[in-house]
Amino acid sequence: MQMLRVSQHDTVVIPEIHWPSGEAGVFLRCRLEWQSRNQEVLRRRRLAHQTANHQSSALAIVAMMTLLAVCGWIVGGPEGVQRALQGTAPCPNGTVISRESMHRWFGARLLSHAEVPELFAILTKVCSRAGLARVPDLYCLPAPGDMNAYALGGPERSAIVLTEGLLRGMTREEIAGILAHEVAHIRNNDAWTMSWTTALRRAIDWTSLAGLALLRTRHHHGSLGRPLATLLSAAPALGQLLGLALSRVRELDADATALELTGDSRALIAALDKLERHHTGSAPMPVSAFGHDPMRLLRSHPATSERVGTLLNLAY
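Draft legend 1. Layout of the packing of helix H6 (residues 190-217) against helix H7 (residues 225-262). Look at H6 against H7: their axes get within 9 Å of each other, and the N-to-C directions meet at 170°. With respect to their mutual orientation, H6 and H7 come out roughly antiparallel. A class-by-class count of the residues in the contact of H6 with H7 yields ten nonpolar, ten polar and four charged.

As structure tokens, then:
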């Protein structure tokens, strides 16, 4: 029993045998590792989930660009399409993140390593697993009655804002799950993706408005006039729905990445439960409660029960 040591990582038991060699302080080390069939199934399931999220994200952006191109074509034909799409090309992340700007925008205070070494140790470990070359700056928002977290910027330059209420109300493991979720947004460059989406939505709004004005000035009442006017009128709402759908997909992907970075689904689920109870005053509702509710399309985040169900499906 003194020669055998057993450790466990994510339900995989790893035995080690230390066999004496006859010399003082020298021994042979035999380490046996294997993955169960369940672990392989989970690995494939997580990969399929990630692939589906990326495909859904690409589909939402392509749909928005197609909608914008159609509006541009109505306004000015091929040249209208070119003009409509010209100003929406994704630009490098130019978010300015400095101590002064964070204080001015949010009233947030930059935290130092000396103040919260344990928090920085968690963040450094998560960032190392995520492959980030730079650890995000940590800011605290003096809001003791609020529990929330925000991620700004991308892999090159980023910051995470945590409210005072979240730091007080969460356990160490739950904060690790929240930090992993925000680091996932940073690694996936979601801020850049959503800023591109915002630019597309604004372009759709302006182009559809210009198209409606053009149809009215030309008194276009032919066979195509009414359908074109209907499409232009619905374009802003369609763009909004596509943007919200993309946001929900990116949230589910950040949850899955956080699970990958921490391996602790229980803490992440507990954190989501606390956030839901804090913001709504009640426990998460069953997924079936949102299944036939059209209002779910207007949410920027999936229902907490859907997020929990997805995490359970990926973890067990």
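Don't stop here, the text continues.
Draft legend 2. Structural context of the confidence of the model for the protein chain. For the protein chain, the average pLDDT comes to 85, and 84% of its residues sit at 70 or higher. Per-residue pLDDT stays below 50 along residues 9-13; that stretch engages in ten contacts with residues further than four places along the chain or on separate chains.

Draft legend 3. Looking closely at H6. For H6, spanning 28 residues, the distance from its first C-alpha to its last is 41 Å, which sits close to the expected 40 Å at 1.5 Å a residue. By the burial criterion, the buried members of H6 are Asp190, Thr193, Trp196, Thr197, Leu200, Ala203, Ile204, Thr207, Ser208, Gly211, Leu212 and Leu215.

Draft legend 4. Spatial organisation of helix H10 (residues 304-315). Compared with the 16 Å implied by 1.5 Å per residue over twelve residues, the 16 Å span of H10 between its first and last C-alpha is a close match. Buried within H10 we find Thr304, Ser305, Arg307, Val308, Thr310, Leu311, Leu314 and Ala315.

Draft legend 5. Geometry of the pattern of salt bridges. Here the structure, examined in full by the defined rule, presents 14 salt bridges. Glutamate 260 is the partner of arginine 187 in a salt bridge, and the nearest nitrogen-oxygen pair spans 3.9 Å. Of the two residues, arginine 187 sits in helix H5 (residues 172-187) while glutamate 260 sits in helix H7, which places them 73 residues apart along the sequence. Arginine 250 is the salt-bridge partner of aspartate 253, the closest N and O atoms lying 3.2 Å from each other.

Draft legend 6. View of the nonpolar core. Ranked by size, the top nonpolar core spans 37 residues in total, and within it Leu138, Ile160, Leu162, Leu166, Leu179 and Val183 carry the most contacts. Put simply, the parts of the chain that give this core at least two residues each are helix H3 (117-130), strand S5 (137-141), strand S7 (158-163), H5, H7, helix H8 (265-280) and H10. Ignoring sequence-local partners within four residues, the contact set of isoleucine 160 consists of Leu123, Pro136, Asp137, Leu138, Tyr139, Tyr150, Leu179, Glu182, Val183 and Ile186.

Draft legend 7. Seen up close, the environment of proline 284. Looking at the secondary structure, you find proline 284 in the loop between H8 and helix H9 (288-291). Taking the relative accessible area as the measure of exposure, proline 284 reaches 27% and is therefore partly exposed. On a C-alpha basis, the gap between proline 284 and aspartate 273 in space is 6.7 Å, while along the polypeptide they are eleven residues apart. For proline 284, the residues in contact, after removing those within four places along its chain, are Asp273, Glu276, Thr304 and Ser305.

Draft legend 8. Summary view of the sheet that holds S5. Overall, mixed pairing links the four strands, which are arranged S4-S5-S7-S6 in an open sheet. Looking along the sheet, the strands with just one partner apiece sit at the ends: strand S4 (109-110) and strand S6 (149-153). Bridging between S4 and S5 involves two bridges; their strand directions are antiparallel. Across the sheet, the residue bridging to arginine 109 is cysteine 140, located in S5. Each of S4, S5, S6 and S7 is contacted by helix H2 (residues 99-106), which is oriented at about 30° to S5, the strand it contacts most.

Draft legend 9. Layout of a nonpolar patch on the surface. Together, Leu238, Leu241, Met295, Leu297 and Leu298 line one region of the surface with nonpolar side chains, adding up to about 430 Å² of accessible area. Among the structural elements, leucine 298 can be located in the loop between H9 and H10.

Draft legend 10. View of the side chain of arginine 307. Tracing the chain through its elements places arginine 307 in helix H10. Given the relative accessible area of 10%, arginine 307 is considered buried.

Draft legend 11. Structural view of the layout of surface pockets. Volume-wise, the largest pocket comes out at about 950 Å³. Lining the largest pocket are 36 residues, with Ala149, His185, Glu251, Ser300 and His301 sitting closest to its centre. Listing elements by their share of the lining of the largest pocket, those giving two or more residues are S6, H5, H6, H7, H8 and H10. Looking at which element gives the most residues to the lining of the largest pocket, the answer is H6, with seven residues. Taken together, the residues that form the lining of the largest pocket break down as 14 nonpolar, 13 polar and nine charged.

Cut-offs used in this document
- Residues numbered from 1 in each chain as written.
- Predicted model: local features only at pLDDT ≥ 70, side-chain atom pairs only at ≥ 80, totals over all residues.
- Heavy atoms only, no water.
- Axes fitted to C-alpha atoms, helices over the stretch in contact; angles between N-to-C directions.
- Helix = DSSP H or I, 4+ residues; strand = E, 2+ residues; numbered from the N terminus.
- Parallel < 35°, antiparallel > 145°, perpendicular 65-115°, else oblique.
- Nonpolar A, V, L, I, M, F, W, Y, C, P; charged D, E, K, R; others polar.
- pLDDT = per-residue confidence, 0-100.
- Contact = heavy atoms within 4.5 Å.
- Expected span 1.5 Å × (residues − 1).
- Buried < 20%, exposed > 50% of the residue type's maximum accessible area, 1.4 Å probe, protein only.
- Salt bridge = Lys/Arg side-chain N within 4 Å of Asp/Glu carboxyl O.
- Core = buried A, V, L, I, M, F, W, Y, C linked by side-chain atoms within 4.5 Å.
- Pairing = 2+ DSSP bridges.
- Patch = residues over 30% accessible without salt bridge, like charges linked within 9 Å, V, L, I, M, F, W, Y side chains within 5 Å.
- Areas by Shrake-Rupley, 256 points an atom, 1.4 Å probe, with all protein chains shown as cover.
- 1 Å grid on protein atoms, 1.4 Å probe; cavity = no way out; pocket = protein on both sides within 12 Å on 5 of 7 lines; lining within 4 Å.
- Points joined across faces, edges and corners; volume = space filled by probe spheres on them.

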